[in-house]
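As a plain string of letters, each chain reads:
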Amino acid sequence: MKKSFILLTAATLLAATSGLTQQKFKETKKGIYTLIEQKGGPTLGYSPASGVKILTVGGFKFKDLNRNGKLDKYEDWRLSFDERAADLASQLSDEEIAGLMLYSAHQQIPAKSTGYGASTYNGKPFEESGMKPSALSDAQKKFLKDDYLRAVLVTKVQSAEVAAEWSNNLQSYCESFGHGIPANNSSDPRHEVSANAEYNYGAGGDISQWPTALGLAATFSPELVKAFGKVAAMEYRALGITTALSPQVDISMEPRWTRFTGTFGEDPALVADLSRAYIDGFQTSTGNKVIKDGWGYASVVAMAKHWPGGGTLEGGRDSHYNYGKYAVYPTHNFQKEMQGFINGAFKLAGPTKKAGSVMTFYNISYGQDPSGKNVGESFSHYIVTDLLRHQYGFDGIVCTDWMVTKDNKAIDAFDGKCWGVENLSEVQRHYEILKAGVDQFGGNNEKGPVLEAFKLGYQEFGHEKWAQRIHNSARRLLLPMFETGLFENPYLDPLKSKAIVGNREFMLKGYQAQVKSIVMVKNHRHTLPLKDARMKVYIPKRHFPSVTDFFGNKTRDYWDYPVDLKLMSTYYQVVDTPQEADFALCFIQDPMAGTGYSRADAEAGGNGYVPISLQYHDYTATDARAKSLAGGDPKEAFTNRSYRGKTVKTANKDDLLMVIDTKKAMGSKPVIVAITISRPAVFAEFEPYSDAILVSFGTGKRPFLDLISGKNEPFGLLPCQLPRDMKTVEMQAEDRPRDMIPYTDSDGNQYDFAFGLNWSGIICDSRVKQYK
């Protein structure tokens, strides 16, 4: 009897234990991956085809990523992020560390067959390969396996579902060899209404659409910007993206700069506050998504750019090109340009405390390095180590901007950006960047030059010291993958991704932000709102001129309506002539006057440098500097890059003529101008011919109509000064904010920083009082 009792008890205990085991772990197969849910621990996601096994230690499950049959520290999710990253870094070979230091060129899903970012699938163009759009391209397989690359920059995707499937295929592939290090996918800003350059190439598509950074700045609302960050992070994670190559915290003190629209404007205090809110929104996980210290499965690492600040380029020329490589400081305000980092990105309100990573820019910060070197910021030990690392205590990832180690063929070529080190070899450039204190090379898919640079380091510093240097970078580069939970579960449910990205709630929030970002600067005699849907509106056609875009492609020349007339007809009756109309609505773009360099001028015997105009009429730079503050290049036989006395024409002068002609045709009937600007512009030319002016910094057309019709009230404020004329533009200093004479309109209103109108008149709320 006693024996039977003992056997029964043992059987009962076995059954009970089995039941507990079944309750504690739940395993579910999901397409190419399997999920293991466990009580008291994280959900694990792995691909059975990768060869990864699951270990049970201490009653919990762990992924045996390196397939050695034991639990390594980096595989133990119970340990701290730092301990895990340091352990894995210590195990890596030089080849694997070199791979971590790579950051891929732009990847489109699926890859195009020709042109920008082209690749093949099993040696064939995608259209001929028979592969799914979520398959890995030949180039991707090579740089992931042969070069150990793990930081992948994603641009356009066919759909959210395809992006999620591609991410799963990518993670399964990465998991199948070596230490099973997951991919850390990233994106440039992709929530804008349209894509027009390399640095926002993934924008548009089926994702919630928000204003540009400058448009977000026009709301003067850190709360709105933080809300954007939270939404964007959810959509990024649903796409498999865990690093945002944003925000652009440069303080745009130079009004002619092409990238003005990607910043939060020219005021240091506003830039700092919005940068902080943006990063807190992106990086902070909450609730059951938290792993530790605000990091977790909802976090997206922010890469704040561009250290130490890119908004002081001489004459407004952009440093993506050789002709714009010099940042200048005529009033010795180098420190001012860093405020977006010092008081924003490095002083978060949230628990993650600082931006997880930083990107340097192409600029030569002319005359700022005490050593006397004038080199691109990625090559400067003073900029990266002395200032960023030591003075400001930043121990996160530092990544170069893209293509800084490649050769530059011509002054105006869109290729390598090796400013100040043009005479060095590609390997030497990599080495100088590593010695400067940088961790990662943007746009480099190949480990070869990095490994050759390592050899130079061992020769100069000895094995122990140099190994410590590169392992420290490896630790930093691995840390975000642990912080975002990629080692535990990098896999996505494509149907859930489809439901999250661009869902109705997020689209509505983005649209509401677009409406709030528009600034009304003129409303003569309360022309607006026009609430009567029976009113008749005349929409003049717009000339879309042929221009050379960011990539060097020439666009076509045509005339067309600037807005969908079907959309217009849902607000008003659209008529064909001014005579029939009750009012006219002119949609225009800010002046398009080139990039500051003309090959034709150089071929005609000039130095090639020409003005960047912010006005529509032809502009002659009589007030420009006679001698540039910076200059010189191995390809040039001179150092003076002045454009004084030269004249440029604006490609879209017809926008101005359209407004003038429309006002003449309309007579006393109101003319409303809806202008989209990417940087400050001279409004003096068209303001007298308009009764109301609405300013967008990058929105769709419908937000304009919601304001004109009175469905919403104007809310936005100018995040920058609008200059009186080009003389004040030439006289301002590239390194001093808010130092132009603003334009004063015919109603006596000055288009200054933080100015805006609502239906009652000039806005003077708490935002204005705080920042004005």
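Residues numbered from 1 in each chain as written. Predicted model: local features only at pLDDT ≥ 70, side-chain atom pairs only at ≥ 80, totals over all residues. Heavy atoms only, no water.

Where an unreviewed UniProt entry is consulted, the chain appears under the name beta-glucosidase, with the organism given as Segatella oulorum F0390.

This paragraph deals with the overall build of the chain. Helices and strands together make up the secondary structure of the chain, namely 22 helices and 29 strands. The C-alpha atoms of the chain give 28 Å as radius of gyration, which agrees with the globular expectation for 772 residues (28 Å, within 12%). Dimensions along the principal axes, computed over C-alpha positions, put the chain at roughly 110 × 65 × 55 Å. The buried share of the chain, taken over its 772 residues, is 60%. Here the chain has roughly 29300 Å² of accessible surface; of this, 52% comes from carbon and sulfur atoms. In the chain, 90 positive and 88 negative side-chain charges are present, and the distance between their average locations comes to 5 Å. (Helix = DSSP H or I, 4+ residues; strand = E, 2+ residues; numbered from the N terminus. Rg over C-alpha atoms; globule rule 2.2 N^0.38 Å. Buried < 20%, exposed > 50% of the residue type's maximum accessible area, 1.4 Å probe, protein only. Areas by Shrake-Rupley, 256 points an atom, 1.4 Å probe, with all protein chains shown as cover. Lys, Arg positive; Asp, Glu negative; His and termini not counted. Charge placed at Lys NZ, Arg CZ, Asp CG, Glu CD.)

With that out of the way, let us pick up the side chain of N489. Mapped onto the secondary structure, N489 falls in the loop between α14 (463-483) and α15 (494-500). A polar contact of 3.1 Å, which involves the side chain of N489, links it to the backbone nitrogen of Y491. Beyond its immediate chain neighbours, meaning those up to four positions away, N489 contacts L35, T43, L44 and G45. (Polar contact = N/O pair within 3.5 Å; in protein donor to acceptor, adjacent residues only side chain to side chain. Contact = heavy atoms within 4.5 Å.)

What follows covers the packing of helix α8 (residues 222-238) against helix α16 (residues 504-517). Where α8 meets α16, the axes come as close as 11 Å, and the angle between the chain directions of the two elements is 145°. As for the relative orientation of α8 and α16, their crossing is left-handed in sense. Where α8 approaches α16, its residues L224, V231, M234 and E235 are matched on the opposing element by F506, K509, A513 and K516. Residue classes in the contact of α8 with α16 are distributed as 5 nonpolar, no polar and 3 charged. (Axes fitted to C-alpha atoms, helices over the stretch in contact; angles between N-to-C directions. Left-handed = near helix turned anticlockwise from the far one by under 90°. Nonpolar A, V, L, I, M, F, W, Y, C, P; charged D, E, K, R; others polar.)

Bringing the sheet that holds strand β16 (residues 397-399) into the picture now. The strands making up a sheet are joined through hydrogen bonds of the backbone, oriented either antiparallel or parallel. One open sheet accounts for 8 strands, arranged β16-β14-β12-β9-β8-β7-β6-β17; its pairing is parallel. Since the sheet does not close on itself, it has two edges, and those belong to β16 and β17 (441-442), each with one partner. Here strand β7 (residues 151-157) pairs with strand β8 (residues 184-187) via 3 bridges, running parallel. Counted as the bridge partner of A151 is N184 from β8. Along the sheet face, α14 touches β8, β12 (301-307) and β16 and points at about 110° away from the line of β16. (Pairing = 2+ DSSP bridges.)

The next subject is the environment of Q573. Examined against the element boundaries, Q573 turns out to sit in strand β22 (residues 573-575). Classification of Q573 as partly exposed rests on a relative accessible area of 39%. Through-space distance from the C-alpha of Q573 to that of Y538 is 8.8 Å; in sequence the pair is 35 residues apart. In contact with Q573, other than residues within four places in its own chain, are A533, R534, M535, K536 and V537. Polar contacts involving the side chain of Q573 include one to the main-chain carbonyl oxygen of R534, which spans 3.0 Å.

Let us now look at the side chain of Q615. If you trace the backbone, Q615 turns up in the loop between α18 (599-603) and β24 (619-620). Within polar-contact distance, the side chain of Q615 engages the backbone oxygen of D618 at 3.2 Å. Ignoring sequence-local partners within four residues, the contact set of Q615 consists of P591, T650, V682, E685 and M726.

In this section: unusual backbone geometry. Each neighbour pair has its own omega, and for S246 with P247 the value is 5°, a cis peptide bond. Relative to the assigned elements, P247 resides in the loop between β9 (243-244) and α9 (268-283). The backbone phi angle of N122 is positive, close to 55°, even though this residue is not glycine. Position of N122 relative to the elements: it lies in the loop between β6 (102-109) and α4 (126-129). Residue N122 is classed as exposed on the basis of its relative accessible area, which comes to 55%. One non-glycine residue with positive phi stands out, namely R738, at about 50°. Within the fold, R738 resides in the loop between α21 (726-731) and β28 (757-758).

For the rest of this paragraph, the subject is the sheet that holds strand β2 (residues 33-38). Taken together, 3 strands build an open sheet; the order of strands is β1-β2-β3 and the sheet is antiparallel. Of all strands in the sheet, those with a lone pairing partner are β1 (25-30) and β3 (44-46), marking the two edges. For this sheet, the mean angle separating the axes of adjacent strands, direction not counted, is 15°. Relative to β3, β2 runs antiparallel, the two sharing 3 bridges. Counted as the bridge partner of I36 is L44 from β3.

Moving on, we get to the packing of helix α13 (residues 448-461) against α14. Interhelical geometry of α13 versus α14 gives an angle of 135° and a closest axis separation of 7 Å. Between α13 and α14, the interaxial angle falls into the category oblique. The two elements α13 and α14 cross, and the hand of that crossing is right-handed. Judged by residue contacts, A453, F454, G457, Y458 and F461 of α13 engage H463, K465, W466, A467 and I470 from α14. Each residue belonging to the contact of α13 with α14 can be placed in one class, and the counts come to 7 nonpolar, 2 polar and 1 charged. (Parallel < 35°, antiparallel > 145°, perpendicular 65-115°, else oblique.)

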